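Observations on the model geometry
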Amino acid sequence: MTSELLTFSVSVFAGFFAVMNPVAITPVFLGLVNGESEATKKRIAKKACLNAFCIVLFFLILGKYIFELFEITIPAFKITGGILMFFIGFQMLMSNKPKIHGHPEVNEDDNVAISPLAIPILAGPGTIVTAMNDVTDASPLYIGVVILILALMIFLNYLALSLSDIVVRTVGVNLIAVVGKLMGLILAIIGCGMIITGIKLVFFEHQISALLF
């Protein structure tokens with residue numbers, strides 16, 4: 001049980017880290033808050049992270065009911081989510097700016113904190129898909145683990161955004177680009193795994209139906 005929980009926790013953390021990537025979003029954040037004071041940057045970072053946490057938590061907790069409301073099957077969700085995550089990862093590998101990291105021109109600081117920072121950079125489709133996939137058919141204990149890891153990732157992102165100037169100077173733009181590509185590869189692999197799992201579930205359900213009927 002402990003070994004399974006540890007493996008699950010590491011898998012969830014890797015998925016969240018790949019899609020949220022605290023290091024890779026720092027240049028984007030600096031571009032959005034260029035010229036602002038340190039106090040303003042921290043205020044924007046705090047608001048963006050809190051909003052992102054609430055958004056993902058909403059889908060994480062109510063994901064099961066959303067499935068039932070729209071009659072979404074688990075295999076369909078895993079395959080669709082896998083395709084989405086693979087596409088995002090592929091864009092990152094090809095050095096294209098993925099849509100989850102795209103950001104329109106905005107003027108007001110508070111608007112920046114909500115969009116594009118909270119949505120879609122932190123709580124983008126990739127993050128939501130990852131969270132909902134992790135809690136699909138999960139027990140309350142495993143759901144609690146996912147929430148704790150989500151909170152940890154949000155905190156790490158807050159630290160990265162608050163210390164963005166230091167992070168970029170220390171790590172360097174080139175290394176950040178390399179990390180971004182590695183995260184893209186991880187996302188693509190996770191996406192492929194979700195697609196394979198979804199296809200296996202489809203065949204398993206068909207075999208069960210054939211045996212019963």
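On a predicted model such as this, the values are computed, not experimentally measured, just so you know. (Residues numbered from 1 in each chain as written. Predicted model: local features only at pLDDT ≥ 70, side-chain atom pairs only at ≥ 80, totals over all residues. Heavy atoms only, no water.)

1. What about the layout of surface pockets?
One number sums up the size of the second largest pocket: a volume of about 310 Å³. Around the second largest pocket, the lining comprises 14 residues; the ones closest to its centre are G63, K64, V135, T136 and D137. Mapped by element, the contributors of at least two residues to the lining of the second largest pocket are α3 (38-70) and α6 (125-135). Broken down by element, the residue count for the lining of the second largest pocket peaks at seven residues, all from α3. (1 Å grid on protein atoms, 1.4 Å probe; cavity = no way out; pocket = protein on both sides within 12 Å on 5 of 7 lines; lining within 4 Å. Points joined across faces, edges and corners; volume = space filled by probe spheres on them. Helix = DSSP H or I, 4+ residues; strand = E, 2+ residues; numbered from the N terminus.)

2. Considering the nonpolar core
The biggest cluster of nonpolar side chains holds 45 residues, and the ones touching the most others in it are F16 and L117. Counting residues per element, the ones that place at least two in this core are α1 (2-20), α2 (26-32), α3, α4 (74-93), α5 (109-122), α6, α7 (140-162) and α9 (173-212). The contact partners of L117, leaving out residues within four places of it in the chain, are F29, L32, I44, A48, V112 and L122. (Core = buried A, V, L, I, M, F, W, Y, C linked by side-chain atoms within 4.5 Å. Buried < 20%, exposed > 50% of the residue type's maximum accessible area, 1.4 Å probe, protein only. Contact = heavy atoms within 4.5 Å.)

3. Some words on the pattern of salt bridges
Counting across every chain of the model gives one salt bridge. The salt bridge involving K41 is made with E38; its shortest N-O contact spans 4.0 Å. A residue pair is termed a helical-turn pair when its members lie 3 or 4 positions apart in one helix, as K41 and E38 do in helix α3 at three residues. Take E38: its relative accessible area is 43%, and that puts it in the partly exposed class. (Salt bridge = Lys/Arg side-chain N within 4 Å of Asp/Glu carboxyl O.)

4. Examining helix α8 (residues 164-171)
Among the residues of α8, S164, V167 and V168 are the ones counted as buried. Viewed end-on, α8 has its buried residues packed into an arc of 95°, placing them on one side of the element. In α8, the exposed positions angled more than 90 degrees off the buried face are occupied by R169 and T170. Directly after α8, the chain includes G172, whose backbone phi takes a positive value near 95°. (Arc of directions from axis to C-beta.)

5. Considerations on the side chain of D134
Inspection of the secondary structure assignment puts D134 in helix α6. What makes D134 buried here is its relative accessible area of 13%. Residues within four places of D134 in sequence aside, it is in contact with F8, V12, F16 and V146.

6. Focus: the packing of α1 against α7
It is at 10 Å that the axes of α1 and α7 come closest, and there the two elements cross at 35°. As for how α1 packs across α7, the hand of that crossing is right-handed. For the pair α1 and α7, the contacting residues are E4, L5, F8, S9, V12, F13, F16, F17 and M20 in the first and L141, Y142, V145, V146, I149, L150, L152, M153, I154, L156 and N157 in the second. Here the residues of the contact of α1 with α7 sort into 17 nonpolar, two polar and one charged. (Axes fitted to C-alpha atoms, helices over the stretch in contact; angles between N-to-C directions. Left-handed = near helix turned anticlockwise from the far one by under 90°. Nonpolar A, V, L, I, M, F, W, Y, C, P; charged D, E, K, R; others polar.)

7. Overview of the side chain of N157
Within the secondary structure, N157 is located in helix α7. Residue N157 is classed as buried on the basis of its relative accessible area, which comes to 0%. Setting aside anything within four residues of it in sequence, one finds N157 in contact with M20, N21, P22, I25, C49 and L122.

8. Some words on the environment of I195
Along the chain, I195 falls in helix α9. Measuring from C-alpha to C-alpha, the distance between I195 and M85 comes to 9.9 Å, with 110 residues separating the pair along the chain. If we ignore the near neighbours within four places in the chain, the residues touching I195 are K78, I79, G82 and I83.

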